Amino acid sequence: MEGELFTNSDSLQASMANSAKLLESIQRSPQNYRVLTGDRPTGSLHIGHLFGSLENRVRLKNLGVEIFIVIADYQVLTDRESAESISENIYELVLDYLSVGLDPEDGGVTIFPHSQIPELNQLLLPFLFLVTGSELDRNPTVKEEIRAANLKSINAGMYVYPVHQAADILFCKGNVVPVGKDQLPHLEFARTIARRFNGRFSPKAPVFPEPAALLSDTPVILGVDAGRKMSKSQGNAILLKSSPDEVARQLKKATTDSTRHITYDPENRKGVANLLKIASLVTSRSPEEIASEIGDGGSSQLKGYVTDALNCYLEPIRMRRKEHEGDRGRLKEIIKIGVERAREEAISTLNEVRSAMNMSL
Ligand code: TRP
């Protein structure tokens, strides 16, 4: 297959530089861009998601770019067998989106679960003919997920979902995908599939754009255990929906160290630095400045500072959540409108695809 994937990996630095240029171009002409982004419905979102991705989406929305948010419910089944909590998690995700200000009612935001869009799912089939089995095998993010989930047996969906993710992006001709660096291989897949489709089936008039990654420049937020990335399944996360008391409790148990004087040293003092980073993100002060202000106040004073600052920052998010919580009817309505809008796009794209592939009769 032309231009084998994952044989030479682009450097992260190059992707960061491209992202910075892309952002400038979006600022200049938001009307030329359509953002597609999404999450798996595996549980409530936390402050790592807020700083790493949700706030970026809000920023893009405020620039006037149209945003499609896919709730990747099929993808949940890549590394688990039970579909038990999927629908509850979908409503939770919608609530999280509304609470941070990604509200379809303001216009320009479409939220939909991909399971509800048959024409999007149908794109998977033509796309499968555009990649090789060994490319699926080599995807570094898939390999890492297989390792992390410690699976007894690996279903074929685990290998194929990056192709399905390309359908998530390309069904609406999304050309900007805000992602964390773990998603870069998947984006490379989507770009390759778009390029190969156009080259093979519609060389004169390309059907698909090649979507670009928009990497966030927010530093990775560790969990309160200061060991791994914040993650609900690790029990080290501060959820967006936490009450002020829950935030205080999570931060109280945060791992720091025994040096009393507070300094910002991300290499050697991971726990302390992580708290300073969070404090910095919610106060717009630098971590160094906060560190020197606390100085000999030690970890307990630092934790108190972060707790108050973060609770204050989360308050408007909590308020918006309260407005929508308990109104299942409204959440369903939001999804229904999103599904209708997404289907319009998917139907039109599938028609173009059929026609390019000489399958319109
Ligand atoms: N794979 C992504 C994740 O695990 C979720 C996702 C599904 C996604 N489809 C997408 C992200 C399309 C961006 C674009 O987080």
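Everything discussed here concerns the structure shown above.
Source: prediction; values computed, not measured. (Residues numbered from 1 in each chain as written. Predicted model: local features only at pLDDT ≥ 70, side-chain atom pairs only at ≥ 80, totals over all residues. Heavy atoms only, no water.)

(A) Just the side chain of Asn274, in detail. Structurally, Asn274 is set in helix 11 (residues 270-283). Residue Asn274 is classed as buried on the basis of its relative accessible area, which comes to 4%. Residues within four places of Asn274 in sequence aside, it is in contact with Val220, Ile221, Leu222 and Gly223. (Helix = DSSP H or I, 4+ residues; strand = E, 2+ residues; numbered from the N terminus. Buried < 20%, exposed > 50% of the residue type's maximum accessible area, 1.4 Å probe, protein only. Contact = heavy atoms within 4.5 Å.)

(B) Highlighting the packing of helix 11 against helix 12 (residues 287-294). Where helix 11 meets helix 12, the axes come as close as 8 Å, and the angle between the chain directions of the two elements is 110°. As the angle between them shows, helix 11 and helix 12 are arranged roughly perpendicular. Crossing handedness for the pair helix 11 and helix 12: right-handed. Across the interface between the two elements, Leu276, Ala279, Ser280 and Thr283 from helix 11 touch Pro287, Ile290 and Ala291 from helix 12. (Axes fitted to C-alpha atoms, helices over the stretch in contact; angles between N-to-C directions. Parallel < 35°, antiparallel > 145°, perpendicular 65-115°, else oblique. Left-handed = near helix turned anticlockwise from the far one by under 90°.)

(C) Geometry of the environment of Glu81. With respect to the helices and strands, the residue Glu81 is situated in the loop between strand 2 (66-71) and helix 3 (86-100). Take Glu81: its relative accessible area is 80%, and that puts it in the exposed class. Sequence separation between Glu81 and Leu170 is 89 residues, and the spatial gap between their C-alpha atoms is 27 Å.

(D) Quick look at the site of the ligand. Around the ligand lies a shell formed by Leu36, Gly38, Arg40, Val70, Ala72, Gln75, Gln165, Asp168, Ile169, Val177 and Gln183. One nitrogen or oxygen atom from the side chain of Asp168 is found 2.7 Å from a nitrogen atom belonging to the ligand. Those elements that provide at least two residues to the shell around the ligand are strand 1 (34-39) and helix 8 (156-170). Looking at the shell around the ligand, the element that brings in the most residues is helix 8, giving 3 residues. For the shell around the ligand, the per-class residue count stands at 5 nonpolar, 4 polar and 2 charged. (Near = heavy atom within 4 Å. Polar contact = N/O pair within 3.5 Å; in protein donor to acceptor, adjacent residues only side chain to side chain. Nonpolar A, V, L, I, M, F, W, Y, C, P; charged D, E, K, R; others polar.)

(E) Broad picture of the pairing of strand 1. Counting buried positions over the 6 residues of strand 1 gives 5, a clear majority of the element. Judged from the 6 bridges that link them, strand 1 and strand 2 form a sheet pairing that is parallel. Across the sheet, residue Gly38 finds its bridge partner in strand 2, namely Val70. Assessed by its sense of winding, the connection that carries the chain from strand 1 through helix 2 (residues 47-62) to strand 2 is right-handed. (Pairing = 2+ DSSP bridges. Right-handed = clockwise from strand over helix to strand, strands pointing away.)

(F) Region of interest: the nonpolar core. Judged by nonpolar contacts, the single largest core of 99 residues is most densely connected at Ile47, Tyr97, Phe112, Phe127, Phe171, Ile193 and Leu310. The biggest single contributor to this core is helix 3, with 9 residues. Apart from residues no more than four positions distant in its own chain, Ile193 is found in contact with Phe127, Leu130, Val131, Val163, Ala166 and Leu170. (Core = buried A, V, L, I, M, F, W, Y, C linked by side-chain atoms within 4.5 Å.)

(G) Representation of the pairing of strand 4 (residues 176-179). Here strand 4 shows no split at all, with Val176 and Pro178 on one side and Val177 and Val179 on the other all buried. As judged from the 4 bridges shared by strand 4 and strand 5 (residues 212-215), these two strands associate in the parallel manner. Bridge pairing in strand 5 places Val179 opposite Leu215. Each parallel crossover has a hand, and for strand 4 linked through helix 9 (residues 184-201) to strand 5 it is right-handed.

(H) Summary view of the pattern of salt bridges. A full pass over the atoms with the stated rule returns 28 salt bridges. One salt bridge in this structure joins Arg341 and Glu66, with 3.0 Å as the shortest N-O distance. Taken together, the residues Arg341 in helix 14 (residues 328-356) and Glu66 in strand 2 connect sequence positions 275 residues apart. The exposure class assigned to Arg341 is partly exposed, which follows from its relative accessible area of 22%. Through salt bridges with shared partners, a single ionic network connects Arg34, Glu66, Arg341, Glu344 and Glu345. (Salt bridge = Lys/Arg side-chain N within 4 Å of Asp/Glu carboxyl O.)

(I) Looking closely at the packing of helix 8 against helix 9. It is the contact of helix 8 with helix 9, at a shortest axis distance of 9 Å, that shows an interaxial angle of 65°. Classed by the angle they form, the pair helix 8 and helix 9 counts as roughly perpendicular. As for the relative orientation of helix 8 and helix 9, their crossing is right-handed in sense. Contacts between helix 8 and helix 9 involve Tyr161, Pro162, Val163, Gln165, Ala166, Ile169 and Leu170 from the former and His186, Leu187, Phe189, Ala190, Ile193 and Ala194 from the latter. Looking at the contact of helix 8 with helix 9 residue by residue, the class counts come to 11 nonpolar, 2 polar and no charged.

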